[in-house]
Amino acid sequence: MRQICFLALLGFPLLAHANDPQVDDFGSTQDGTAVEIYTLKSSTGLTAKIMTRGATLVQLHVPDKDGKSEDVILGWDDVAGYESEDNQYFGCSTGRVCNRIALGKFSLEGKEYSLATNNEPNHLHGGAERSLDKVVWKAKGYSNDKGQGVRFTYVSPDGEEGYPGELKITVTYFVPADANRLTISYKATTDKATPVNLTNHAYFNLSGAGSDTVLDHMLQLNADTYTPTDETLIPTGTIDSVEGTPLDFRKIKKIGARIEKLTNTGALGYDHNFVLNPKPNDDSPFNLAAVLRDPASGRTLRISTDQPGIQFYSGNFLKGQKGKSGKTYAHRSAVCLETQHFPDSVNHENFPSTILKPGEEFKSSTQLSFGIIKPKAE
Ligand code: BGC
């Protein structure tokens with residue numbers, strides 16, 4: 001009944017489209033708010049499940065080289081898992097400002113702002129209590145002749161988590177009928193100037209969530225440069241070449257090949273923002289950001305985006321927590337590839353701006369395209 005739109009009230013018998021996504025109850029939060037989960041499917045084997053808490057991607061099933069589907073992202077079977085201390089932003093919509101803000105401080109239009117320092121000594125992923133991953137969003141599933149989608153909306157009040165302005169946010173997940181692709185798009189408007197940087201925080205293991213480490217996964221990043229950081233992972237402000245460093249992924253490389261060179265740094269491995277090379281002059285808004293391949297399962301993931309950066313995090317802080325179906329999420333058993341603006345942009349004038357002003361609309365979009373490694377010709 002909920003899908004009958006207001007036109008029906010005016011006498012038009014406009015019912016939900018027959019192909020609208022399935023919606024199920026997914027229990028409730030500790031404070032008793034009901035949570036729903038939407039299922040989007042392609043006819044080619046991809047199934048995505050997204051819940052209203054945190055507009056979070058909970059499951060993502062894609063076929064391997066033998067056509068066998070597996071859930072390739074980390075998470076839990078219930079809301080309680082996501083509310084637990086073990087949750088390190090698994091699959092969530094992350095913000096208002098994803099990544100770090102130095103010492104939780106910034107100034108904007110002559111005013112100083114102070115945010116939660118929930119990742120000592122810095123602010124991480126939008127704050128401690130009411131960041132976008134922790135609130136329950138409104139949702140509406142839809143379908144059209146191209147595929148199925150779900151649109152999540154949330155209005156973050158002025159001052160929430162210390163950020164200025166009432167921010168109206170929409171996150172849309174869309175799966176085309178005929179491809180193993182998930183597109184995640186963001187829109188936001190504000191009534192006061194405010195920083196905005198939105199991403200999805202899925203942890204991928206293309207052999208299936210709960211498998212061994214991702215050190216044998218192969219990665220390519222379309223980035224000649226990156227933003228070096230201090231030991232607390234705050235950018236120093238320079239943009240350096242990846243040449244001659246373990247961060248050179250311009251040609252596809254094993255994640256594990258050089259990771260040990262970074263073990264004794266603040267990042268404990270890969271946890272860096274890469275500056276994406278300029279988009280080719282074509283009509284598409286998307287720029288290729290990353291290619292991930294798992295030789296074991298044959299699954300591949302191509303990530304394209306309109307964002308200027310990508311945070312490559314090799315799951316160094318995973319601690320062996322128990323997730324879906326009791327599976328263990330060991331150190332470095334997943335990778336996050338978070339398309340976004342650069343960390344701490346609000347404190348670096350030379351970085352692309354993250355400030356959204358009244359009257360403007362923030363927009364961004366990222367495509368996750370799954371495939372299989374093509375067998376070599378004999
Ligand atoms: C950060 C990591 C952090 C992880 C989980 C990533 O985006 O770069 O440093 O540990 O999120 O919070």
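Refer to the structure presented above.
Residues numbered from 1 in each chain as written. Predicted model: local features only at pLDDT ≥ 70, side-chain atom pairs only at ≥ 80, totals over all residues. Heavy atoms only, no water.

### Structural notes on the overall build of the protein
Part 1 of the argument: If you tally the helices and strands in the protein, you get two helices and 29 strands.
Part 2 of the argument: Projected onto its principal axes, the C-alpha positions of the protein cover 65 × 65 × 45 Å.
Part 3 of the argument: Within the span of the protein, comprising 378 residues, buried residues form 53% of the whole.
Part 4 of the argument: Working note: accessible area of the protein is about 16,600 Å², and carbon and sulfur atoms make up 51% of it.
Part 5 of the argument: Of note, the protein has its 39 positive side-chain charges centred 4 Å away from the centre of its 46 negative side-chain charges. (Helix = DSSP H or I, 4+ residues; strand = E, 2+ residues; numbered from the N terminus. Buried < 20%, exposed > 50% of the residue type's maximum accessible area, 1.4 Å probe, protein only. Areas by Shrake-Rupley, 256 points an atom, 1.4 Å probe, with all protein chains shown as cover. Lys, Arg positive; Asp, Glu negative; His and termini not counted. Charge placed at Lys NZ, Arg CZ, Asp CG, Glu CD.)

### So, the pattern of salt bridges
Part 1 of the argument: Using the criterion set out here, one finds twelve salt bridges in the structure.
Part 2 of the argument: A salt bridge links Glu243 to Arg250, with the shortest nitrogen-to-oxygen separation between them at 3.3 Å.
Part 3 of the argument: By relative accessible area, which is 28% here, Arg250 ends up partly exposed.
Part 4 of the argument: Asp248 is the partner of Arg250 in a salt bridge, and the nearest nitrogen-oxygen pair spans 2.8 Å.
Part 5 of the argument: Look at Asp248 and you get buried, because its relative accessible area is 14%.
Part 6 of the argument: When salt bridges with common partners are traced through the structure, they connect Glu243, Asp248 and Arg250 into a single cluster. (Salt bridge = Lys/Arg side-chain N within 4 Å of Asp/Glu carboxyl O.)

### Comments concerning the side chain of Ser333
Part 1 of the argument: Mapped onto the fold, Ser333 is located in the loop between β26 (328-329) and β27 (336-340).
Part 2 of the argument: A polar contact is formed between the side chain of Ser333 and the backbone oxygen of Ala330, at a distance of 2.7 Å.
Part 3 of the argument: Excluding anything up to four places from it in sequence, Ser333 contacts Asn205, Ser211, Asp212, Thr213, Val214 and Leu318. (Polar contact = N/O pair within 3.5 Å; in protein donor to acceptor, adjacent residues only side chain to side chain. Contact = heavy atoms within 4.5 Å.)

### Brief notes about unusual backbone geometry
Part 1 of the argument: Cis geometry is adopted by the peptide bond preceding Arg96, which originates at Gly95 and carries an omega value of 10°.
Part 2 of the argument: When you line up the elements, Arg96 lands in the loop between β6 (93-94) and β7 (100-101).
Part 3 of the argument: Note that the residue after Glu120, namely Pro121, is joined by a cis bond; omega there is 0°.
Part 4 of the argument: Within the secondary structure, Pro121 is located in the loop between β9 (111-114) and β10 (123-124).
Part 5 of the argument: Positive phi values are uncommon outside glycine, yet Leu268 reaches one of about 60°.
Part 6 of the argument: By the secondary structure assignment, Leu268 is in the loop between β20 (253-254) and β21 (271-275).
Part 7 of the argument: Taking relative accessible area as the criterion, Leu268 reaches 31% and is therefore assigned partly exposed.

### A few points about the packing of aromatic side chains
Two descriptors summarise a pair of aromatic rings, namely the distance from one centre to the other and the angle between the planes of the rings.
Part 1 of the argument: Summed over the entire model, instances satisfying the criterion amount to 17 aromatic pairs.
Part 2 of the argument: Pairing Phe90 with Tyr329 gives two aromatic rings, centres 5.9 Å apart and planes at 65°, and the pair type is edge-to-face. Here Tyr329 lies in strand β26 and Phe90 lies in the loop between α2 (79-83) and β6, a separation of 239 residues in the sequence. The residues Phe90 and Tyr329 share a single accessibility class, namely buried.
Part 3 of the argument: Grouping aromatic residues by their ring pairs yields a cluster made of Trp76, Tyr82, Phe90, Tyr203, Tyr313, Phe317 and Tyr329.
Part 4 of the argument: The cationic tip of Arg151 hangs over the ring face of Tyr142; the distance from NZ or CZ to the ring centre is 4.5 Å.
Part 5 of the argument: Above the face of the Phe249 ring, Arg258 is positioned so that its terminal group lies 4.8 Å from the ring centre. (Phe/Tyr/Trp six-rings, centres within 6.5 Å; stacked < 30°, edge-to-face > 60°. Lys NZ or Arg CZ within 6 Å of the ring centre and 35° of its normal.)

### Focus on the sheet that holds strand β5 (residues 69-71)
Part 1 of the argument: With antiparallel pairing, the five strands of this open sheet are ordered in space as β1-β2-β3-β4-β5. Only two strands of the sheet have a single partner each, and these edge strands are β1 (22-28) and β5. When the angles between neighbouring strand axes are averaged without regard to direction, this sheet yields 20°.
Part 2 of the argument: Bridge analysis of strand β2 (residues 34-41) against strand β3 (residues 47-51) gives five bridges, and the strand direction is antiparallel. The residue of β3 that forms the bridge with Ile37 is Met51. (Pairing = 2+ DSSP bridges. Axes fitted to C-alpha atoms, helices over the stretch in contact; angles between N-to-C directions.)

### Description of the state of the cysteines
Part 1 of the argument: By the definition in use, this model includes zero disulfides.
Part 2 of the argument: Free of any disulfide, Cys92 has its nearest neighbouring cysteine sulfur in Cys336, separated by 9.3 Å.
Part 3 of the argument: Looking at Cys92, the relative accessible area reads 2%, which means it is buried.
Part 4 of the argument: No disulfide involves Cys98; its nearest neighbouring cysteine sulfur is the one of Cys92, lying 9.6 Å away. (Disulfide = S-S within 2.5 Å.)

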